[in-house]
Amino acid sequence: MYVVCSDLESIYVPEIWISLAKKTGIKEFNITTREEPDYDKLMKRRIEILKENNIKLKNIQEVLAEESPFLGAKDFLDWLSSVARLIVVSDTFVEFANPWMNKLGNPILFCNSLIIGKDGFIKEHVMRQDNGKKKVVDAIRSLNYKVIAYGDSYNDINMLMQADHGILYCPPDTVKEQFPQFPVAYNYSELKEMISKILTE
């Protein structure tokens, strides 16, 4: 039996920080794990920028409430849940992701959390564990399940490598070129076809 592990942002929903960059005009928010593989370094800088620009958690949540999942994402997930079990494994934070998960049909989500000060500012990010995406796959495989995993960025690569089948979904050229061992899907139809083929092998 297969369990599917997937990333969240840029797969089913827009990148949170890119959405924030568009809303605030702060260009540095456009830097994501597609460009900066060190997630801890990236998040510490993001928290500094939020404080410098007087942006609180509630302001971020207001921006995200206006966003919708990508066209076709919910239909794809409805199909996927009919043929396999899905766990969304993300480096995002529960404080950001919950509204989106409701719109996607509430698949299981493993992610991280934030420490919020009494003043409403994000004080710190708390990673659930180091290399969490890989460890989720390790745990599932230890239960004698096979794993299909897909994602788009550097922080997904260890998860893809550890899975029985790893797939890149709409990756930037830099990731695609550095990891040519993974097949690439560019839309939900191609991803559905790849997963269906694996499930019927």
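Bear in mind that the values here come from a model prediction, so they are computed numbers and not experimental data.

Conventions adopted
- Residues numbered from 1 in each chain as written.
- Predicted model: local features only at pLDDT ≥ 70, side-chain atom pairs only at ≥ 80, totals over all residues.
- Heavy atoms only, no water.
- Axes fitted to C-alpha atoms, helices over the stretch in contact; angles between N-to-C directions.
- Helix = DSSP H or I, 4+ residues; strand = E, 2+ residues; numbered from the N terminus.
- Parallel < 35°, antiparallel > 145°, perpendicular 65-115°, else oblique.
- Contact = heavy atoms within 4.5 Å.
- Nonpolar A, V, L, I, M, F, W, Y, C, P; charged D, E, K, R; others polar.
- 1 Å grid on protein atoms, 1.4 Å probe; cavity = no way out; pocket = protein on both sides within 12 Å on 5 of 7 lines; lining within 4 Å.
- Points joined across faces, edges and corners; volume = space filled by probe spheres on them.
- Core = buried A, V, L, I, M, F, W, Y, C linked by side-chain atoms within 4.5 Å.
- Buried < 20%, exposed > 50% of the residue type's maximum accessible area, 1.4 Å probe, protein only.
- Pairing = 2+ DSSP bridges.
- Right-handed = clockwise from strand over helix to strand, strands pointing away.
- Disulfide = S-S within 2.5 Å.

1. Points about the packing of helix α4 (residues 73-83) against helix α9 (residues 188-199)
Turning to step 1, where the next piece is worked out: Running from amino to carboxyl end, α4 crosses α9 at an angle of 5°, the nearest separation of the two axes being 11 Å. Classified by the angle their axes make, α4 and α9 are roughly parallel. Note on element contacts: α9 touches α4 through Y188, L191, K192, I195, S196 and L199, opposite A73, F76, W79, L80 and V83.
Turning to step 2, where the next piece is worked out: Grouping the amino acids of the contact of α4 with α9 by side-chain chemistry returns nine nonpolar, one polar and one charged.

2. What to know about empty space enclosed by the protein
Turning to step 1, where the next piece is worked out: Within the structure shown, the criterion is met by two cavities of 30 Å³ or more.
Turning to step 2, where the next piece is worked out: Counted as a void, the largest cavity has a volume near 130 Å³.
Turning to step 3, where the next piece is worked out: Taken together, 16 residues line the largest cavity, and the ones lying closest to its centre are E9, E15, T33, Y39 and N155.
Turning to step 4, where the next piece is worked out: Where the lining of the largest cavity is concerned, the elements lending two or more residues are α2 (39-52) and β2 (85-93).
Turning to step 5, where the next piece is worked out: Residues belonging to the lining of the largest cavity are distributed by class as follows: three nonpolar, six polar and seven charged.
Turning to step 6, where the next piece is worked out: The wall of the second largest cavity is formed by V89, S90, D91, N112, R128, Q129, G132 and K133.
Turning to step 7, where the next piece is worked out: Broken down by secondary-structure element, the contributors of at least two residues to the lining of the second largest cavity are β2 and α6 (132-142).

3. Let's talk about the nonpolar core
Turning to step 1, where the next piece is worked out: Formed by 48 residues in total, the largest nonpolar core has its most connected members in Y12, F29, F76, L80, F96, Y150 and I195.
Turning to step 2, where the next piece is worked out: For this core, the leading source of residues is α2, giving six residues.
Turning to step 3, where the next piece is worked out: Not counting residues up to four positions away in its chain, the partners in contact with Y12 are S6, D7, P69, F70, A73, F76, L77, L86, V88, L104, Y150 and Y188.

4. Side note on the pairing of strand β3 (residues 108-116)
Turning to step 1, where the next piece is worked out: Note that β2 and β3 share four bridges and pair parallel. Residue pairing for β3: V89 is matched across the bridge by F110.
Turning to step 2, where the next piece is worked out: Of the crossover connections in this fold, the one passing from β2 over helix α5 (residues 94-103) to the parallel β3 is right-handed.
Turning to step 3, where the next piece is worked out: With four bridges connecting them, β3 and strand β4 (residues 122-126) associate as antiparallel partners. By the bridge assignment, I116 is partnered in β4 with I122.

5. Let's talk about the state of the cysteines
Turning to step 1, where the next piece is worked out: Scanning the entire structure with this criterion turns up zero disulfides.
Turning to step 2, where the next piece is worked out: C111 supplies the cysteine sulfur nearest to C5, a cysteine that is in no disulfide, at a spacing of 14 Å.
Turning to step 3, where the next piece is worked out: Taking the relative accessible area as the measure of exposure, C5 reaches 0% and is therefore buried.

6. Digging into the sheet that holds strand β5 (residues 146-151)
Turning to step 1, where the next piece is worked out: Strand order in the open sheet made by the seven strands is β4-β3-β2-β1-β5-β6-β7, with mixed pairing throughout. Each edge of the open sheet carries a strand with a single partner, namely β4 and β7 (184-185).
Turning to step 2, where the next piece is worked out: Sheet analysis places strand β6 (residues 165-169) next to β7, joined by two bridges and oriented parallel. The partner of Y169 across the bridge, within β7, is A185.
Turning to step 3, where the next piece is worked out: With respect to the sheet, α4 is in contact with β1 (2-6), β2 and β5, its orientation differing from that of β2 by roughly 135°.

Shape descriptors only; they carry no functional weight alone.
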